[in-house]
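# Analysis of the macromolecular model
Each chain is listed here by its residues.
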Amino acid sequence: MELLQAMKVFSAVAKSGSFTSAADVLQVGRPHVTRSVQELEASLGVRLFHRTTRSVKLTAEGEQFFVRTEELLAGIDDATTMFSDSGDGLRGRLRIDLPGALSQLNFLTRLNTFARQHPGLELVLGVTDRAVDLVAEGVDCVLRIGELPDSSLVGRRIGGAVMVLCATPNYLNDFGVPKLPSDLLRHKGVNFLSGLDNRPLRWRFIVDGEPVSTTAGTCMSVNEANAYVKCALAGFGLIQAPGILVEEQLADGSLVEVLAAYRPEPWTVSLLYPSRAYVAPRVRVFAEWMAQALATTQQTWLVA
């Protein structure tokens, strides 16, 4: 039990990046946290954290130990709650990170359905379009749209996001409505910078049954989904975005889709989680629910 408590303390420090914050989370004194980590390091014979006056970061050994610790703690949590009266037995926190395109009301309404089905879970939601270090940031899984990083993460396809090219009516009045993807060379566009390498994502289309990619003349680049839409609304130019991100603007006419006949294949929506033999039941259940939700709900912008 002492080792188990030490592992819980270690996990709290790793997730918070602070001995003081970990003490607050665990509701114990900071000296207890410091002593517990020191004793754990002594028993393992390795240094788990790099400590400075400003930060606490995992060492390479600490990162490896953190992954295994999370597996063990999750397994213990599952075992101790398997006879719970909560119905499905899923308890604890599920840390999810969404891209900005999926942080819209319609998607969050669906996510609330999952929360109601599993009242023993507390959802902890992050929203970012950058690459997330799941282990270092203590995230269980991330949803991403488009190309996946070449990493140790496990990626599961759970659906597709329909992409649309759009601009404001005023922009189209000023610069004309493109009839072909090749017309975009004479237009202005807003770049979206990839969260993987910070490079602009090229716009994709299907022309005569073949995939093609192109860009317009760049007048603005952004790295956050909602800012991307606001740049279009401000009249900077065309954007190509997931339909779920701009469905409200398309519905009220503040943005107008163009080149609809040349829409690309839906971009892959993937659920990513750390590569490991043990996948926590709450992550597995969420993945199954997400895939089913996309397959059984309205198919306008998210497809199976």
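Heads up: the structure comes first, above all this text.
One structure accompanies this document, and this report is about it. (Residues numbered from 1 in each chain as written. Predicted model: local features only at pLDDT ≥ 70, side-chain atom pairs only at ≥ 80, totals over all residues. Heavy atoms only, no water.)

Pairing geometry for strand S3 (residues 92-98) and strand S4 (residues 121-127), over 7 bridges, is parallel. In the sheet register, Asp97 faces S4, and the bridge partner there is Gly126. Between the parallel elements S3 and S4, the chain passes through helix H5 (residues 105-117) in a crossover that is right-handed. (Pairing = 2+ DSSP bridges. Helix = DSSP H or I, 4+ residues; strand = E, 2+ residues; numbered from the N terminus. Right-handed = clockwise from strand over helix to strand, strands pointing away.)

Our next topic: the pairing of strand S14 (residues 267-273). Where a strand is regular, its side chains alternate between the two sheet faces. Within S14, 6 of the 7 residues are buried, which leaves the element mostly enclosed by the surrounding structure. As paired strands, strand S5 (residues 141-145) and S14 are joined by 4 bridges and run antiparallel to one another. If you follow Ile145 over to S14, its bridge partner there is Val269. In the sheet, strand S6 (residues 154-161) pairs with S14 via 7 bridges, with the strands oriented antiparallel. Looking at the pairing, Gly155 lines up with Leu272 of S14. (Buried < 20%, exposed > 50% of the residue type's maximum accessible area, 1.4 Å probe, protein only.)

All right, on to the environment of Ala101 then. Within the secondary structure, Ala101 sits in the loop between S3 and H5. We classify Ala101 as buried; its relative accessible area is 5%. Contacts of Ala101, omitting those with residues within four sequence positions, involve Ile145, Ala225, Pro242, Ile244 and Leu245. (Contact = heavy atoms within 4.5 Å.)

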